[in-house]
Amino acid sequence: MKAEVKWLGGRAFEGTPDSGHSVIMDSSPDFGGQDRGIRPMEMLMVGMGGCTSIDVMNILEKSRQDVTACVAEITAERADTEPKVFVRMHVHFKVTGRGLDPQRVQRAISLSAEKYCSASIMLGKTAEITHDFEIIEAD
């Protein structure tokens, strides 16, 4: 894998990985940024949420669950001192569908967290990561 991160001025940068999909990153105004893009630590949190969500949906589809929506809400706490790494993260899945099996949803989340989600497993080296879920019956 490769990526290029190009300075745009101030504290803003454009990141472009091999896929060619770019993202603008910037720091907060209190750190000299102009709020032109996502913060790098926010991107780590969103990346982990995307990684685990992809896994969960893949596993649920393979187990023939009728999922109509899936939202991962991520909260995180950072260390008070530098480096301000994530120390705690929580992922709350809201899985909507028809006749979903709670055991299969739990299994999908566990498999992602323990075996498949590279981002979660990597961030888990510094942060305590917990998960829970709710099932919402689709109309």
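What you are looking at is a predicted structure, and each value in this text was computed from that prediction instead of being measured.

Definitions and limits used
- By convention here, each chain's residues receive numbers from 1 onward along its written sequence.
- With the structure being a predicted model, the display of local features is reserved for residues of pLDDT at least 70 and the display and counting of side-chain atom pairs for 80 or more, all residues being used for whole-chain, interface and lining totals.
- As a convention, hydrogens and water are excluded, and side-chain values are obtained from all of the structure's heavy atoms.
- Take the buried residues of types Ala, Val, Leu, Ile, Met, Phe, Trp, Tyr and Cys, join any two whose side-chain atoms come within 4.5 Å, and each joined set is a nonpolar core.
- Exposure is judged per residue with a 1.4 Å probe applied to protein chains only, and the accessible area is read against the type maximum: over 50% gives exposed, under 20% gives buried, and values in between give partly exposed.
- Each helix is a run of H or I in the DSSP string that is no shorter than four residues. Each strand is a run of E no shorter than two, and both are numbered from the N terminus.
- We count a salt bridge whenever a side-chain nitrogen from Lys or Arg sits within 4 Å of a carboxyl oxygen from Asp or Glu.
- To estimate the expected span of a helix, count its residues, drop one, and scale the result by 1.5 Å.
- Any two residues whose heavy atoms approach within 4.5 Å are treated as being in contact.
- In protein, a polar contact requires one atom able to donate a hydrogen and another able to accept it; more generally it is a pair of N or O atoms within 3.5 Å, and residues adjacent in sequence count only if both atoms are side-chain atoms.
- Lys and Arg are tallied as positive, Asp and Glu as negative. Neither His nor the chain termini are counted.

**A few points about the nonpolar core**
Counting residues in hydrophobic clusters, the biggest one holds 20 residues, and the most contacted among them are Met48, Leu60, Met89 and Val95. For this core, the secondary-structure elements that each account for two or more residues are helix 1 (40-62), strand 5 (86-98), helix 2 (102-116) and helix 3 (118-123).

**Focus on the pattern of salt bridges**
For the coordinates displayed, the defined rule picks out six salt bridges. Close ionic contact of Asp35 with Arg39 constitutes a salt bridge, the shortest N to O distance being 3.0 Å. Between Arg88 and Glu77 there is a salt bridge whose closest N-O contact spans 3.2 Å. Remark: Glu77 occurs in strand 4 (residues 66-78) and Arg88 occurs in strand 5; sequence separation between them is eleven residues.

**Some words on helix 2**
With 15 residues, helix 2 ought to run about 21 Å at 1.5 Å a step, and its terminal C-alpha atoms sit 20 Å apart, in line with that. Along its buried surface, helix 2 packs onto helix 1, strand 5 and strand 6 (128-137). Measuring from the backbone nitrogen of Gln103 back to the side-chain oxygen at the start of helix 2 gives 2.9 Å, which picks out Asp101 as the cap.

**Here we look at the side chain of Asp55**
Relative to the helices and strands, Asp55 resides in helix 1. Although Asp55 is buried, it forms no salt bridge, and the closest oppositely charged side chain is Lys62 at an N-O distance of 9.3 Å. When neighbours within four sequence positions are excluded, Asp55 is seen to be in contact with Ser112, Tyr116 and Cys117.

**Quick look at the environment of Glu14**
Inspection of the secondary structure assignment puts Glu14 in strand 2 (residues 12-17). Residues contacting Glu14, with those up to four places away along its chain left out, are Glu4, Val5, Lys6, Leu8, Ser22, Val23 and Ile24. Reaching out from Glu14, the side chain makes a polar contact with the side chain of Ser22 at a distance of 3.4 Å.

**A look at helix 1**
Structural remark: α-helix, 3.6 residues per turn; residues separated by three or four positions point the same way. Helix length check: helix 1, at 23 residues, gives a terminal C-alpha distance of 33 Å against a target of 33 Å (1.5 Å per residue), a fit within 8%. Of the positions making up helix 1, those classed as buried are Met45, Met48, Gly49, Thr52, Ser53, Asp55, Val56, Ile59 and Leu60. In the segment just after helix 1, Arg64 is the residue with positive phi, at about 60°.

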